[in-house]
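# Chain and residue survey
Below are the chains, spelled out letter by letter.
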Amino acid sequence: MFTRLRRTRRLRRARDGDGSALKNLRWWQTLTRTQFHLDPHEGETWDAQYTVDVRYLAAELEGGKIAEGARHAPVALYRDGVQQYIANPPVAFPIPGGVIEVATSSYGLTRMHVVPDEGSPRPLRPHPRGLEGLRARFGRRFPRVSSALGLLAIIVLLAGLAVMVPQLAELVTQIDVVAEHVGTFTSPISLPGWANTALLVAGILAAIERALTLRKHWLIDADTTWTSFA
């Protein structure tokens, strides 16, 4: 029931597009834009190609329209190259026989899946020139290295979480009101400044790696968990 209510709320976020044509993804847009495709497939309920165009640096939408001075919507759905919907993520775009769900975090995408009315969700195909497409190609060419990178990202994020939680608890209990009621707490983990900085940078890279492969876990990817409830 919760999933159905969340999807209904996200469907309401979609606004009608202007019918403009889809522009090609250029190599110089690698860090600011990406695309995913849902191809027509025999036996499915859709008979057109759907493309989701994501622009990470686009201005927020206001009242279903692009904010003044903005040129592009953060997320747009195209049917056979014609713009159908625009939205701010997270959003669910309606298509025949299901929806396309899109969600993002501070580090990239957390969801880009088609969810049929009957059947299991599956990710859309990334554009080969997008970062996600380049990462997928790397994974196909070097599967063992790809798996090792994925495991390393998990280890780094868990290590960061193990360091962050006690440090945060120590910081909160230094507040007078909190200290009066629960006392103070001293973190058992104390790292030098350079180590904290290195762990922060490694955590950002690990989070980006997880986003590029559309992986998400409520604990490991804590930064993206709360956005999923929007």
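Residues numbered from 1 in each chain as written. Predicted model: local features only at pLDDT ≥ 70, side-chain atom pairs only at ≥ 80, totals over all residues. Heavy atoms only, no water.

Within the secondary structure, Arg 33 sits in strand β2 (residues 33–38). Polar side-chain contacts of Arg 33 include one of 2.6 Å to the backbone oxygen of Lys 23. Excluding anything up to four places from it in sequence, Arg 33 contacts Leu 22, Lys 23, Asn 24, Leu 25, Asp 53, Val 54, Arg 55 and Tyr 56. (Helix = DSSP H or I, 4+ residues; strand = E, 2+ residues; numbered from the N terminus. Polar contact = N/O pair within 3.5 Å; in protein donor to acceptor, adjacent residues only side chain to side chain. Contact = heavy atoms within 4.5 Å.)

Turning our attention to a nonpolar patch on the surface. A cluster of nonpolar side chains, namely Met 164, Val 165, Leu 168, Leu 171, Val 172, Ile 175 and Val 177, defines an oily patch on the protein surface of about 630 Å² accessible area. Along the chain, Val 165 falls in helix α3 (residues 143–172). Residue Val 165 is classed as partly exposed on the basis of its relative accessible area, which comes to 46%. (Patch = residues over 30% accessible without salt bridge, like charges linked within 9 Å, V, L, I, M, F, W, Y side chains within 5 Å. Areas by Shrake-Rupley, 256 points an atom, 1.4 Å probe, with all protein chains shown as cover. Salt bridge = Lys/Arg side-chain N within 4 Å of Asp/Glu carboxyl O. Buried < 20%, exposed > 50% of the residue type's maximum accessible area, 1.4 Å probe, protein only.)

Within a sheet, each strand pairs with its neighbour through backbone hydrogen bonds, oriented either parallel or antiparallel. Strand order in this open sheet of six strands is β1-β7-β6-β3-β2-β12, and the pairing throughout is antiparallel. Because the sheet does not close on itself, it has two edges, and the strands there are β1 (15–16) and β12 (125–126). Alignment of β2 against strand β3 (residues 50–55), held across six bridges, turns out to be antiparallel. Within β3, the residue paired with Gln 35 across the bridge is Asp 53. (Pairing = 2+ DSSP bridges.)

Here we come to the pattern of salt bridges. In the structure shown here, the tally under the stated rule is five salt bridges. Note that Asp 39 and Arg 125 form a salt bridge whose closest N and O atoms lie 3.0 Å from each other. Taken together, the residues span a long stretch of sequence, with Asp 39 in the loop between β2 and β3 and Arg 125 in strand β12 at a distance of 86 residues. The shortest N-O distance in the salt bridge between Asp 53 and Arg 55 comes to 3.3 Å.

For soluble globular proteins, nonpolar side chains are generally found buried alongside one another. If you look at the biggest cluster of nonpolar residues, it comprises 21 residues, and the most contacted ones within it are Val 52, Phe 93, Ile 100, Val 102 and Met 112. If you list the elements that add at least two residues to this core, you get β2, β3, β6 (75–79), β8 (91–95), β9 (98–105) and β10 (108–116). (Core = buried A, V, L, I, M, F, W, Y, C linked by side-chain atoms within 4.5 Å.)

Time to look at the side chain of Thr 51. Residue placement: Thr 51 occurs in strand β3. Look past the residues within four positions of Thr 51 in its chain and what remains in contact with it is Leu 22, Gln 35, Phe 36, His 37, Ala 76, Leu 77 and Tyr 78.

The next thing to look at is the pairing of β10. Within β10, eight of the nine residues are buried, which leaves the element mostly enclosed by the surrounding structure. Of the strand pairs in this sheet, β9 and β10 are connected by eight bridges, and their pairing is antiparallel. Within the sheet, the bridge partner assigned to Val 102 lies in β10 and is Met 112. Here β10 pairs with strand β11 (residues 122–123) via two bridges, running antiparallel. The residue of β11 that forms the bridge with His 113 is Pro 123. Counting the residues in the hairpin turn of β10 and β11 gives five residues, including Gly 119, whose phi is positive at 125°.

Worth remembering: the numbers are spatial, not functional.
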